[in-house]
Amino acid sequence: MEMSILKVDSSVDLEKINLSHSFLLYKAVEENRTFLLKWLLLPNEIKSQEDSVEFIRAVLKDSKEKGDSVFVIWYRKQFSGLISLKGNDLLNKKIEIGYWLTEKMTGKGIITKSVKVLSKYLFMLMDINRIEIRCAVGNSKSSAIPKRLGFTFEGIEREGEKSTNGYFDMEIYSSLKKDKTYW
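Since the model is a prediction, treat every value here as computed from it, not as a measurement. (Residues numbered from 1 in each chain as written. Predicted model: local features only at pLDDT ≥ 70, side-chain atom pairs only at ≥ 80, totals over all residues. Heavy atoms only, no water.)

S.K.: Explain the overall build of the protein to me, using residue names and the numbers behind them.
M.R.: Helix and strand counts for the protein come out as six helices and eight strands. Along its sequence from the N terminus, the protein presents helices and strands in the succession β-β-α-α-α-α-β-β-β-α-β-α-β-β. Taking the principal axes of the C-alpha coordinates as reference, the protein spans close to 45 × 35 × 35 Å. In the protein, buried positions account for 48% of the 183 residues. Taking contacts inside the protein between residues at least 6 apart in sequence as the whole, the part at least 24 apart equals 58%. If the 30 positive side-chain charges of the protein are averaged to one point and the 25 negative ones to another, these points end up 6 Å apart. (Helix = DSSP H or I, 4+ residues; strand = E, 2+ residues; numbered from the N terminus. Buried < 20%, exposed > 50% of the residue type's maximum accessible area, 1.4 Å probe, protein only. Contact = heavy atoms within 4.5 Å. Lys, Arg positive; Asp, Glu negative; His and termini not counted. Charge placed at Lys NZ, Arg CZ, Asp CG, Glu CD.)

This is the structure in structure tokens:
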């Protein structure tokens, strides 16, 4: 995906992650470690700015090798979290969107707006046919996003994602180009 900045609206921008974001990423994880650990392993991976640099290097490598992309979410010019496009399957024209926000940025509609704009971009300009969102069972704030945007609930993937205490069962949501949920 060859996009470096995507304007979502007057207050939200998505910028392709780069090494200059390493300190802000580390700071966001450090300040939100307990909040994020409930649903993500990322705080276990990023315990220093150097870890953040290594994480970004790995992301950039995956971007080149697999076509995955990670974007910094800016809300009113403040680092607010990350949103990713992963599992890019060009043959079947499908991709997964993942996301997280810092605690103080939740409840502002940032992710809903970002997923809606990214979906439109993926369907219209990248000719993607299927977008998938996977949310840990019990993470009601995360699963509210695909529900709000009209994604179809497909079922539960048992023990689909590693957690700090084992595995999460994952709710699977999808939207197809023909669904036109992105309008």
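The structure having been displayed, the exposition proceeds.
S.K.: Residues and numbers for the packing of aromatic side chains, please.
M.R.: Across all of its chains, the model carries three aromatic pairs by this definition. Ring centres of Trp 74 and Phe 79 lie 6.1 Å apart, and the angle between their planes is 85 degrees; this geometry places the pair in the edge-to-face category. According to the relative accessible area criterion, Trp 74 is buried, its value standing at 16%. Ring plane angle 55 degrees and centroid distance 5.4 Å describe the contact between Phe 153 and Tyr 173, whose orientation is recorded as tilted. Placement of the pair is Phe 153 in strand β7 (residues 152–163) and Tyr 173 in strand β8 (residues 166–176), with a sequence separation of 20 residues. Looking at Lys 162, its charged tip hangs above the ring of Tyr 167, at a distance of 5.3 Å from the centre. (Phe/Tyr/Trp six-rings, centres within 6.5 Å; stacked < 30°, edge-to-face > 60°. Lys NZ or Arg CZ within 6 Å of the ring centre and 35° of its normal.)

S.K.: Give a description of the side chain of Ser 143 that names residues and reports values.
M.R.: Among the secondary structure elements, Ser 143 is positioned in helix α6 (residues 140–148). Engagement of the side chain of Ser 143 in a polar contact is seen with the backbone oxygen of Ser 140, the distance being 3.4 Å. In contact with Ser 143, not counting residues within four places along its chain, are Cys 135, Glu 171 and Tyr 173. (Polar contact = N/O pair within 3.5 Å; in protein donor to acceptor, adjacent residues only side chain to side chain.)

S.K.: Break down the nonpolar core for me, citing the residues and quoting the values.
M.R.: With 29 residues, the main nonpolar core has Ile 83, Ile 97, Tyr 99 and Val 115 as its most contacted residues. Secondary-structure elements contributing two or more residues to this core are β2 (12–16), β3 (69–75), β4 (78–89), β5 (94–101), α5 (110–124) and β6 (130–136). The element best represented in this core is α5, accounting for seven residues. (Core = buried A, V, L, I, M, F, W, Y, C linked by side-chain atoms within 4.5 Å.)

S.K.: Lay out the side chain of Thr 112 in plain terms, naming residues and giving numbers.
M.R.: Locating Thr 112 in the fold gives a position in helix α5. Here Thr 112 is in contact with Ile 145, Arg 148 and Leu 149, once residues within four sequence places are set aside.

S.K.: Could you give an account of the sheet that holds β5, naming the residues involved and the relevant values?
M.R.: The strand order across the open sheet formed by eight strands is β1-β2-β3-β4-β5-β6-β8-β7, and the pairing between neighbours is mixed. In the strand order of this sheet, the two ends are held by β1 (5–7) and β7, each with one partner. On average, each strand axis in the sheet is tilted by 25 degrees relative to the strand beside it, whichever way the strands run. Looking at chain direction, β3 and β4 are connected through seven bridges and run antiparallel. Considered in β4, the bridge of Ile 73 is made with Gly 81. Contacts between α5 and the sheet are confined to β1, β2, β3, β4, β5, β6 and β8, with β5 contributing the most and set at about 160 degrees to the helix. (Pairing = 2+ DSSP bridges. Axes fitted to C-alpha atoms, helices over the stretch in contact; angles between N-to-C directions.)

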